[in-house]
Amino acid sequence: QKTLDYPNDALDIAHVRAAAYRTCGVVSDAAAPSYVLLETRGTSNTTSRRIANFGGTRELLRTYARKIGLPLEVKQFSSQMSYCDQVKVAANARLFFGVHGMAQENAMFMRPGSVLIELFHTSYAAELSGGNVGREQLFRGSDMQYASAALLESDRLEHAEGATLARRGLCLLFTSDAADEALG
């Protein structure tokens, strides 16, 4: 593990982030490049926790990123990436979309005001609506925002509490009020 799984509070996150920025030479100013990040584990049927409709998801997020004036970057965090490369990728992500897993630990390196949107299978819908899942504890009280979403493949648009991004074949159901704030 790079750091503690869940730092105790927002000051811990800020401290870990500042130390990582110093170690990796990340400039902590608003002039740094930013993008919408889609984290992937691959698209193979043998890959667990993958986005089944990855192409559709990528295009949906590319369209959204263009709307907010940012490019979309697709990255895979792996043991092949150095610690500093992972810190730099996360530091430049304004919005970080990814399927629930260890790669989202890198979200603590995002700049203040950034947003992690952690994707879960729809079978987790009950847990998501109850809150306190995934990285929500990590972000509680921090200078970043968190939203969880159930990823549903469907031909019809369904609405849930919070924001909904949709197009034929794909629907992200946000189960957190933070989605409204995060996505404007």
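Residues numbered from 1 in each chain as written. Predicted model: local features only at pLDDT ≥ 70, side-chain atom pairs only at ≥ 80, totals over all residues. Heavy atoms only, no water.

Colleague: I keep staring at the side chain of Ser114 and nothing clicks. Help me out?
Modeller: Among the secondary structure elements, Ser114 is positioned in the loop between strand S3 (93-99) and strand S4 (115-121). Note on Ser114: relative accessible area 3%, which makes it buried. In this structure Ser114 touches Ala93, Arg94, Met144 and Gln145, once residues within four positions along its chain are discounted. (Helix = DSSP H or I, 4+ residues; strand = E, 2+ residues; numbered from the N terminus. Buried < 20%, exposed > 50% of the residue type's maximum accessible area, 1.4 Å probe, protein only. Contact = heavy atoms within 4.5 Å.)

Colleague: Help me out: how do you make sense of the pattern of salt bridges in this one?
Modeller: Oppositely charged side chains are able to pair whenever their charged atoms sit close together. Counted under the stated rule, the structure contains four salt bridges. Among the salt bridges present, the one from Arg17 reaches Asp143, with a minimum N-O distance of 2.6 Å. With Arg17 in helix H1 (residues 10-24) and Asp143 in the loop between helix H5 (136-139) and strand S5 (145-152), this pair connects stretches of sequence that are 126 residues apart. Arg17 sits in the buried class, given a relative accessible area of 6%. Salt bridges sharing common partners tie together Arg58, Glu59 and Arg62. (Salt bridge = Lys/Arg side-chain N within 4 Å of Asp/Glu carboxyl O.)

Colleague: Could you clarify how one ought to interpret the packing of aromatic side chains in this entry?
Modeller: Given two aromatic rings, one states the distance between the centres and the angle between the planes to describe the pair. Using the criterion set out here, one finds two aromatic pairs in the structure. Where Phe77 meets Phe96, the ring centres are 5.9 Å apart and the plane angle is 25°; that geometry is what we call stacked. Of the two residues, Phe77 is situated in the loop between strand S2 (72-75) and helix H3 (83-91) and Phe96 in strand S3; the sequence distance between them amounts to 19 residues. Aromatic side chains Tyr83 and Phe109 sit 6.0 Å apart centroid to centroid with 90° between the ring planes, which places their arrangement in the edge-to-face category. Of this pair, Tyr83 sits in helix H3 while Phe109 sits in the loop between S3 and S4, placing them 26 residues apart in sequence. What makes Phe109 buried here is its relative accessible area of 1%. (Phe/Tyr/Trp six-rings, centres within 6.5 Å; stacked < 30°, edge-to-face > 60°.)

Colleague: Quick question: what am I supposed to make of the environment of Asn106 here?
Modeller: Positionally, Asn106 belongs in the loop between S3 and S4. Given the relative accessible area of 1%, Asn106 is considered buried. Each C-alpha atom of the pair Asn106 and Phe77 lies 8.9 Å from the other, and the pair is 29 residues apart in sequence. Within the structure, the side chain of Asn106 is placed 3.4 Å from the side chain of Gln86, a separation counted as a polar contact. Within the structure, Asn106 has its side chain in polar contact with the backbone oxygen of Ala103 (distance 3.0 Å). (Polar contact = N/O pair within 3.5 Å; in protein donor to acceptor, adjacent residues only side chain to side chain.)

Colleague: I keep staring at the pairing of S4 and nothing clicks. Help me out?
Modeller: Look at any regular strand and the pattern is simple: side chains alternate between the two faces of the sheet. Where burial is concerned, most of S4 is hidden: six out of the seven residues are buried. Here S3 pairs with S4 via five bridges, running parallel. Bridged to Phe97 within S4 is Ile117. (Pairing = 2+ DSSP bridges.)

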